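# Fold and contact review
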Amino acid sequence: MKMEVGVLKNANGSAIVEMGRTKVLTAVYGPREMHPRHLALPDRAVLRVRYHMTPFSTDERKNPALSRREIEISKVIREALEASILVETFPRTTIDVFSEVLQADAGTRLVALMSASLAVADAGIPMRDLIAGVAVGKADGTLVLDLNEEEDMWGEADMPIAMMPSLSQVALLQLNGSLSGGEFRAALQMASKGIDELYRMEKEALMSKYSAYKEVN
Ligand code: UDP
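All values derive from a computational prediction rather than experimental measurement.

Around the ligand, the surrounding shell consists of Thr58, Arg69, Ala104, Asp105, Ala106, Gly107, Thr108, Arg109, Glu149, Asp152 and Asp158. Between the ligand and Asp152 there is a distance of 3.2 Å, counted from an oxygen atom to a side-chain nitrogen or oxygen. Protein contacts shield 76% of the accessible area of the ligand, which totals 510 Å² for the unbound molecule. Contributing elements (two or more residues each) for the shell around the ligand: helix 2 (108-122) and helix 3 (149-154). A class-by-class count of the residues in the shell around the ligand yields two nonpolar, three polar and six charged.

Now the structure itself:
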């Protein structure tokens, strides 16, 4: 695992997160004036998210145009991220989030969501909490944490979960395949342990940027 914030000069906030062989870079711009203006909302900022896989991120070259899958994942990430941001603080503005998958080995939506959460925090935008997430699944009858691409593709179930740990709230939960009630509860427990560890690393990544500033000044 690797997490680093403030990695891009021209964005208001940025972060790169690596989880195993999955790597995602996110840039955040805003809050800034919304164009076209008629899409602005009088009571809150509009959050726009683009999740995109680079053509070189997968085994087989990916068409660079946005696929249906990428449009859906962008929506899922936006809904999760919006719950964590105090959007009502910045009416009539937009916050733009661009997540680029540099290398994919399953779990890209969660790694993108974590890098987006860190990039929003790096931009200084007020938040309720950071978001941390991991997938739990079932492969060959066994529950596994943080699936790789083979486990994701050939396993019996894949359940990405993201939380706002300090608030004990779920920000994202999807399930592809099927789990029994008992397996579901065990999977939630496994995910929650992983999420606590990821949350700790996120806070460390933010603190290491700002402690470096403190040392310079
Ligand atoms: N994948 C790929 N090409 C694609 C879409 C997906 O190689 O066009 C791979 C990639 O490794 C991805 C994995 O399949 O991480 C699982 O994709 P899924 O839709 O389950 O989303 P993710 O687990 O990445 O959030």
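Moving on, we come to the side chain of Thr108. Note on placement: Thr108 falls in helix 2. On the basis of relative accessible area, Thr108 is assigned to the buried category, the value being 6%. Ignoring anything within four residues of it in the chain, the contact list for Thr108 reads Thr22, Val24, Tyr51, Met53, Arg69 and Val101.

So, about the UniProt feature "domain: Exoribonuclease phosphorolytic" (unreviewed entry) in the chain. Taking the UniProt record as the reference, the feature "domain: Exoribonuclease phosphorolytic" (unreviewed entry) is found at residues 1-126 and 129-194. Secondary structure over residues 1-126 splits into 24% helix and 33% strand, and the C-alpha atoms at its two ends are 26 Å apart. Across residues 129-194, the secondary structure splits into 30% helix and 41% strand, with the terminal C-alpha atoms separated by 17 Å.

This part covers the sheet that holds strand 2 (residues 13-19). Pairing in this open sheet of five strands is mixed, and the strands run 1-2-3-5-4 from one edge to the other. This sheet does not close on itself; its edge strands, each paired only once, are strand 1 (2-5) and strand 4 (46-53). Each strand axis lies, on average, 15° off the axis of its neighbour in the sheet, ignoring direction. Bridge count between strand 2 and strand 3 (residues 22-33): seven bridges; the pairing is antiparallel. Each bridged residue has a counterpart across the sheet, and for Gly13 the counterpart in strand 3 is Val28. Seen against the sheet, helix 1 (residues 68-82) touches strand 4 and strand 5 (93-103) and runs at an angle of roughly 140° to strand 4. With respect to the sheet, helix 2 is in contact with strand 1, strand 2, strand 3, strand 4 and strand 5, its orientation differing from that of strand 3 by roughly 40°.

Conventions and cut-offs
- Every chain begins its residue count from 1, and numbering advances along the sequence as written.
- Only residues with pLDDT of 70 or above have their local features reported here, since the model is predicted, and side-chain atom pairs are shown and tallied only from 80 upward, although totals for entire chains, interfaces and linings are computed over all residues.
- Excluded from the side-chain calculation are hydrogens and water; included are all heavy atoms of the structure.
- It suffices for a single heavy atom of a residue to lie within 4 Å of a molecule or strand for the residue to be listed as near it.
- Think of a polar contact as two N or O atoms within 3.5 Å of one another; within protein, one of them needs to be a possible hydrogen donor and the other a possible acceptor, and neighboring residues in sequence only count if both atoms come from side chains.
- All accessible areas in this document rest on Shrake-Rupley with a 1.4 Å probe, and a residue is counted as covered only by the protein chains that are shown.
- Comment: elements are numbered from the N terminus, with helices defined as DSSP H or I runs of at least four residues and strands as E runs of at least two.
- Ten residues, namely Ala, Val, Leu, Ile, Met, Phe, Trp, Tyr, Cys and Pro, are considered nonpolar, four, namely Asp, Glu, Lys and Arg, are considered charged, and the remaining ones, Gly among them, are considered polar.
- Each residue's exposure class comes from its accessible area (1.4 Å probe, protein chains only) as a fraction of the maximum for that residue type: buried when under 20%, exposed when over 50%, partly exposed otherwise.
- Only heavy atoms enter the contact rule, under which two residues are in contact if any of them lie within 4.5 Å.
- UniProt positions are given in the numbering used here, feature names are shortened, and annotations may be inferred rather than shown by experiment.
- We call two strands paired when DSSP finds no fewer than two bridges between them.
- Inter-axis angles, ranging from 0 to 180 degrees, are taken between N-to-C directions of lines fitted to C-alpha atoms, where helices are fitted over the stretch in contact.

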